[in-house]
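Given next are the chains, with one letter for each unit.
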Amino acid sequence: MQQEIQITCRNIWKVFGPNPEEFMERHKGNPSPEAFKAEGYIGAVQDVSFDVYAGEILIIMGLSGSGKSTIIRCITRLNDPTRGQMEYEGKDLLRATAQELIELRRHKMGMVFQNFGLLPHRDVLSNVAFPLEVQGIDLATRNARAKEMVDLVGLGGRENYFPRELSGGQQQRVGIARSLAVEPDVWFLDEPFSALDPLIRAEMQDEFIRLQRMLKKTIVFITHDFEEATKLADRIGIMKDGRMVQLDTAEELVLNPADDYVAEFARNAPRDRIVSVGAIMEKLQDETGSTENGISAKAKIGEVAEQVLNSPAPVPVIGEEGNILGMLSRERITKALFGKEDR
Amino acid sequence: MDVSAPGRNGFADRFLHRESLPLQMLVAGVAALVISFAMDWTWVWPMEWAIPVKSWISDLFRWLDKEATFGLFTVKQATRTISWVLKQPLIWTEQLLWKGAKPYEFLPVMWIVIGAVAGIVTNRVRDLRFAMIVVAAILGIVIIDSLPFVLLSLTKALKIAPWMEPRAFIGISQIPAHILDAVMASSKLKHIPWIAIVLGFGVFGHWVGGWRLAIIVVLCMSYLAVTGLWRDSMKTFSLVVVAVPFSALVGLWLGVWVTRSKRAARIITPIFDLMQATPHLAYLVPVVVMFGAGQVPALIATVIFAMPPMARCTILAIQTVPSDIVESGRMSGCTPRQLLWKVILPSSQKTLLLGLNQVIMQTLAMVVIASLVGAQGLGHKLLFSLQQLKLGFATMQGMAIVLMAVVLDRLTQAYANRASSYVHHDKMSFFQRHAHIGMIFLILAISIIASLYLRDVSILSRKHLLFDGKDALELDKVIKAVTFSLIDYIRPIRDFLTVYTLIPMRDFYHSVPWSVIAAVLAVVSYRLGGWTLTALTEGLMLLIVVAIGNWALATTTFYFVSSALVICVAIGVPVGVWAARSERVAKVVMFGCDMLQTFPSFIYLLPAIMLFRVGELAIIFAIIPYATVPAIRYTYLGLKRIPAVTIEAATTNGCTSWQRLWKVELPVAIPEIMLGVNQTIMMALAMTAITALIGGQDLGQEIYRALPTSDAGRGVMAGLGIASLGIIADRLIGAWASKRKAALGMD
């Protein structure tokens, strides 16, 4: 992807314990897992590097305790990293003064929290208007803007309700509206739908996709749900024990997992919706042949499965210019759909 | 076997770590006893060896009072200035509630009301910040304007320039009142009529808790009026009204500070621990020495006493705000100050308001006790009646205190619930939204006008009282007749218990050498908390023996507390178990506990005196109702908190109800129950100090005797002695409970 880089993280460490600085110093910036255990320190984030491109949806996932929530809190500086470099649009994030950080959060960043983080003593409108209020924007302007946001997330008419009078899904809509009220450039979502029931979660995911199509923000999204990640992400980073194991597209994770841990994650992924025809076809050397009944290389295999499986011979795969790229056989699609291991 | 190091060290080491605790205690005790036969000083610490901390403290206070100076002015002048400043709001409140005053004397109140109204209005139309600026501006201008007057009044109060006539230097802000003064020909304005206060409380009660609460409040408050105790009630109430904002604000500020700064936490937390273990009575002594007797010293002692609960609640409130809320506030771009005022404090409003409730209740309890140093009001009357054994009057006055406590408690609790219920209201008109406050102003206006024509509206005249002195005398006769007829039954029990259990127990405690207790304490502390805990408990023990120099008084206190404790636990734990077994019982029991906790501790002397007159049994009887509550509560909660799965497992394993209790529930709940016992000890200690009024010859008596003589050292050290006993018990039980909880995996 040739895109502008919005956030850069290099060799980020976040260590919890009595004196993390000294601990890192003593172990020359790279303590072993044994050292962590022996001295009672926790390496929540260990040597993590990645970039976030402008306009992409980057999803970081992992089990609880893998450090995914800590890394998002490092980027937003809710937690200060112990070691590492971070840049936001080329500016050093770690050197930002308290005032600069406040300004950054007031104008550039928005964040949605797992348990919503709504202010219980304020109604919907005033919760959404809160980020504007702390900037000192006058009441009429901020309420008008907040009203727009409330309507955007489909809560029009409930402006005067208090959080405790709303369902979980509605509360998270308020959280989303609040995080968008300042028109941030980067949108951080920390397991935004994990506290919701499955049905509502699906609904909120669709809502999220709708909003993103309209707003086109740069998004860093945390989840522990691989299906959610594949549904929403451009790229997925998988974390384990504080380290970033693999950062790639869903398709790559499924087809070329870096290790068993990633493979385990990908095992139950909806391959039919992730893997595209082009990735598993048999490439033709000379790219000649009949394009009759051909299928697009970009199509997900689930969409073409019926056709390929019903066809006795391999089906031709066609590129964007209408030329033939390769062939897809029954055997290949079966293997892609049901995993690598032989059954 | 390790034969290479058979020295004493090895033996002691093995003894300390391997043997069972009872055996260790026995060995340590016997060893100390044997030693004490040989060395007299380990039996009774010789008087001449005592470190004279008492007289050092007394000298310090004397020096502060007589000679100490900050250079420009003396400490005495400083304390007088503080008194004078604190006295002003008290004077204004008293004028409003029961004294009445000339128009110009109402002036400060008038400006405060104007400031408050302006603040409320601007808060509604803009925000809190703006409102605070407006209020500060109004009050600031008034203060600057009247500064010459204030300063001159102060110099007059300090007797620096007694010839001054401050009223000659009036400011612009005072002119309206002087005009009013001239118009009214200097006649006095009346205080707020009782009817307005009773109904006003009722309307507030309706607002926060509906009709039921409104009726309860009106009935309780009416009692104060119809028994002729209105004026005394308002005297007490004035002190509460003035003390509460001070305690609440200082407590809030301290609490915020502790959560902000690690260093503050390190300094303040142990001070609060000490303050919490120190009985009410002990606060009075240093205050009396520094400030003399009267309303203002009572106020100061009250503010200091009632402040820690607010600070504790604030700390708890701030620490329990969900991290999502704090983080969302930070991500919204809050500055640290915005985060505190707009996010953290408002979202923990309920805990803060419950802290305020505690402050109010503690304030009332302390104001009542402060009658010992000259606080006026119900406590003063009650104390007088008790001393004269006028039990009829005492009952009437005690009842008034109880009802006042109930009203304040119920109103603030209901308010805390209401204020943090957060429900939206669809389209209400201005009048609907302000119905209650409008009603209060209407009642106020009508009753003030009515009071101009009808004296009874202002305060009930003697002949219109429902109960008066004659009824109290009748009541007195009834109580005396009842107790007289009961005494034939009570006396044998009392005498039997006193002669065959209490006195032998007391004599036993007195006969045990202090070194035996110290040795046993050391072993227990070491086993429960290692060297740190041992150092702390032994340090406090030595403080009692060496510095306070009155081991006998401390053992008497210990004897009262331990005797009461046995009964409290014997009652409290079964009642707690019973409540945990039945929802219906729980409802009744918890209501009873709420009630018992609401009453100021002073009140519990009353039934004790009625039944047992003075004496040791009366003292123990007075402690029991006050101190049993935590034993019940913690037992109930401890049992209720056992996971349902554990109980289901026990039931499916075939336990009978009793087996379930003995083999499953109690063992699991015991750490929690012990924490309740801990609270019981603390409350029993506090109450024991107060029983000095009915003749306990213990540390409390020492404080009580120090009061009239203003002997600071004596009172302070006795107070510290009680606090030390409390802290020793608290730390030991706390260490045990957390060890046990860890063993049960319940952290």
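Everything numeric here is computed off the predicted structure, so don't read it as measured data.

1. Some remarks on the overall build of chain A
Secondary structure summary: chain A contains 15 helices and 14 strands in total. Going through the 343 residues of chain A one by one, you find that 41% of them count as buried. When contacts within chain A are restricted to residue pairs at least 6 apart in sequence, those whose partners lie at least 24 apart make up 69%.

2. Remarks on the overall build of chain B
Helix and strand counts for chain B stand at 31 helices and 0 strands. Its C-alpha atoms give chain B a radius of gyration of 29 Å, near enough to 27 Å, the size a compact globule of 747 residues would have. Across its three principal directions, the C-alpha atoms of chain B cover 100 × 65 × 65 Å. Here chain B holds 747 residues, and the buried ones make up 44% of them.

3. Some thoughts on the sheet that holds strand 6 (residues 109-112) of chain A
Residue and element names in this part refer to chain A. With respect to topology, 6 strands assemble into an open sheet ordered 6-7-8-3-9-10, the strand pairing being mixed. Of all the strands in the sheet, just strand 6 and strand 10 (243-248) have a single pairing partner and so form its edges. Neighbour to neighbour, the strand axes of the sheet diverge by 15° on average, direction disregarded. Bridging between strand 9 (residues 235-240) and strand 10 involves 5 bridges; their strand directions are antiparallel. Note on strand 10: the bridge partner recorded for Ile-236 is Asp-248. Across the sheet, helix 7 (residues 168-180) is in contact with strand 6 and strand 7 (186-190); its angle to strand 6 comes to roughly 170°.

4. Here we look at helix 13 (residues 295-319) of chain B
All names here are of chain B. With 25 residues, helix 13 should reach 36 Å at 1.5 Å per residue; the first-to-last C-alpha distance of 37 Å fits that figure. Along helix 13, the helix axis deviates most sharply at Met-307, where the bend reaches about 30°; the proline Pro-308 sits within four residues downstream. Of all 25 residues in helix 13, 21 are buried; the element is thus mostly enclosed.

5. Some details on the interface of chain A and chain B
Between chain A and chain B, the residue contacts involve 25 residues of the former and 20 residues of the latter. Residue composition of the side of chain A that touches chain B, grouped by class: 13 nonpolar, 7 polar and 5 charged.

6. Some details on unusual backbone geometry
All names here are of chain A. The backbone of Asn-11 sits at a positive phi, close to 50°, despite the residue not being glycine. Looking at the secondary structure, you find Asn-11 in strand 1 (residues 5-16). At Lys-216, a residue that is not glycine, the phi angle is positive and equals roughly 50°. Mapping Lys-216 onto the fold places it in the loop between helix 8 (198-215) and strand 8 (218-223). Overall, Lys-216 belongs to the exposed group, with 10 C-beta atoms counted inside 10 Å.

7. Section: the domain arrangement of chain A
All names here are of chain A. According to the domain assignment, chain A contains domain 1 (55-70 + 97-108 + 184-269) and domain 2 (272-338). Centre-to-centre separation of domain 1 and domain 2, based on C-alpha positions: 30 Å. It is helix 10 (residues 250-255) that provides the largest number of residues to the side of domain 1 that touches domain 2, a total of 4 residues. Tallied by class, residues from the side of domain 1 that touches domain 2 come to 4 nonpolar, 1 polar and 1 charged.

8. Description of helix 16 (residues 349-369) of chain B
Between the first and last C-alpha of helix 16 of chain B there are 30 Å, a value that for 21 residues agrees with the 30 Å anticipated at 1.5 Å per step. Counting buried residues in helix 16 of chain B gives 18 out of 21 residues, a clear majority hidden from the surface.

9. Observations concerning the pairing of strand 3 (residues 57-61) of chain A
Residues and elements named next belong to chain A. Burial runs high along strand 3: 5 of the 5 residues are buried. Side chains Ile-57, Ile-59 and Met-61 project from strand 3 onto one buried face, and the interleaved Leu-58 and Ile-60 project onto a second face that is buried too. In the sheet, strand 3 pairs with strand 8 via 5 bridges, with the strands oriented parallel. Within the sheet, the bridge partner assigned to Leu-58 lies in strand 8 and is Val-220. Bridge count for strand 3 against strand 9 is 4 bridges, and the pairing is parallel. Bridging from a neighbouring strand, Leu-58 pairs with Arg-235 of strand 9.

10. Notes on the environment of Phe-70 of chain B
Looking at the element boundaries, Phe-70 of chain B is found in the loop between helix 3 (53-66) and helix 4 (75-99). Given 9 C-beta atoms within a 10 Å radius, Phe-70 of chain B is considered exposed.

11. Section: the packing of helix 13 of chain B against helix 16 of chain B
Packed helix pairs are characterised by how far apart their axes lie and by the angle those axes make with each other. All names here are of chain B. Contact geometry of helix 13 with helix 16 gives a least axis separation of 8 Å together with a crossing angle of 160°. With respect to helix 16, the axis of helix 13 lies roughly antiparallel. Every pair of crossing elements has a handedness; the one defined by helix 13 and helix 16 is right-handed. In contact with Ala-298, Ala-301, Thr-302, Phe-305, Ala-306, Pro-309, Met-310, Cys-313, Thr-314, Leu-316 and Ala-317 of helix 13, helix 16 contributes Thr-351, Leu-352, Leu-354, Gly-355, Leu-356, Gln-358, Val-359, Gln-362, Thr-363, Met-366 and Val-367. Here the residues of the contact of helix 13 with helix 16 sort into 15 nonpolar, 7 polar and no charged.

12. Some words on the confidence of the model for chain A
Overall, the prediction assigns chain A a mean pLDDT of 87, with 98% of residues at 70 or greater. Within chain A, no element has a lower average pLDDT than strand 11 (residues 282-283) of chain A, which sits at 80, and none a higher one than helix 5 (residues 124-134) of chain A, at 93.

13. Quick word on the environment of Arg-201 of chain A
All names here are of chain A. Its location among the elements puts Arg-201 in helix 8. On the neighbour-count criterion, Arg-201 (19 C-beta atoms within 10 Å) is partly exposed. Note: C-alpha distance between Arg-201 and Val-153 (48 residues apart in sequence) is 15 Å. With near-sequence residues (within four places) excluded, Arg-201 lies in contact with Phe-193 and Leu-196.

14. Focus: the packing of helix 3 of chain B against helix 31 (residues 712-744) of chain B
Residue and element names in this part refer to chain B. Close contact between helix 3 and helix 31 brings their axes to 7 Å; oriented N to C, the two are set at 125°. Overall, the two elements helix 3 and helix 31 adopt an arrangement that is oblique. Regarding helix 3 and helix 31, the two cross each other, and that crossing is right-handed. For the pair helix 3 and helix 31, the contacting residues are Val-53, Lys-54, Ser-55, Trp-56, Ile-57, Ser-58 and Phe-61 in the first and Ala-712, Gly-713, Arg-714, Val-716 and Met-717 in the second. Here the residues of the contact of helix 3 with helix 31 are counted per class, giving 7 nonpolar, 3 polar and 2 charged.

15. Structural notes on the pairing of strand 9 of chain A
Of all 6 residues making up strand 9 of chain A, 5 are buried, and the element is well covered by its neighbours. From the end of strand 9 of chain A to the start of strand 10 of chain A, which pair antiparallel, there are 2 residues, and Asp-241 of chain A there has a positive phi angle of about 45°.

16. Concerning the sheet that holds strand 14 (residues 324-328) of chain A
All names here are of chain A. Spatially, the 4 strands line up as an open sheet ordered 11-14-13-12, and their pairing is mixed. Two strands in the sheet have a free side with no partner beyond their single neighbour: strand 11 and strand 12 (295-296). Here strand 11 pairs with strand 14 via 2 bridges, running antiparallel. Paired with Glu-282 across the bridge in strand 14 is Met-327.

Criteria and thresholds
- Residues numbered from 1 in each chain as written.
- Chains lettered and ligands numbered in written order.
- Predicted model: local features only at pLDDT ≥ 70, side-chain atom pairs only at ≥ 80, totals over all residues.
- Helix = DSSP H or I, 4+ residues; strand = E, 2+ residues; numbered from the N terminus.
- Buried ≥ 20, exposed ≤ 12 C-beta atoms within 10 Å, placed from the backbone.
- Contact = placed C-beta atoms within 7 Å.
- Rg over C-alpha atoms; globule rule 2.2 N^0.38 Å.
- Pairing = 2+ DSSP bridges.
- Axes fitted to C-alpha atoms, helices over the stretch in contact; angles between N-to-C directions.
- Expected span 1.5 Å × (residues − 1).
- Bend = angle between axes of the 7 residues up to and from the residue.
- Nonpolar A, V, L, I, M, F, W, Y, C, P; charged D, E, K, R; others polar.
- Domains from an automatic or database assignment.
- Parallel < 35°, antiparallel > 145°, perpendicular 65-115°, else oblique.
- Left-handed = near helix turned anticlockwise from the far one by under 90°.
- pLDDT = per-residue confidence, 0-100.

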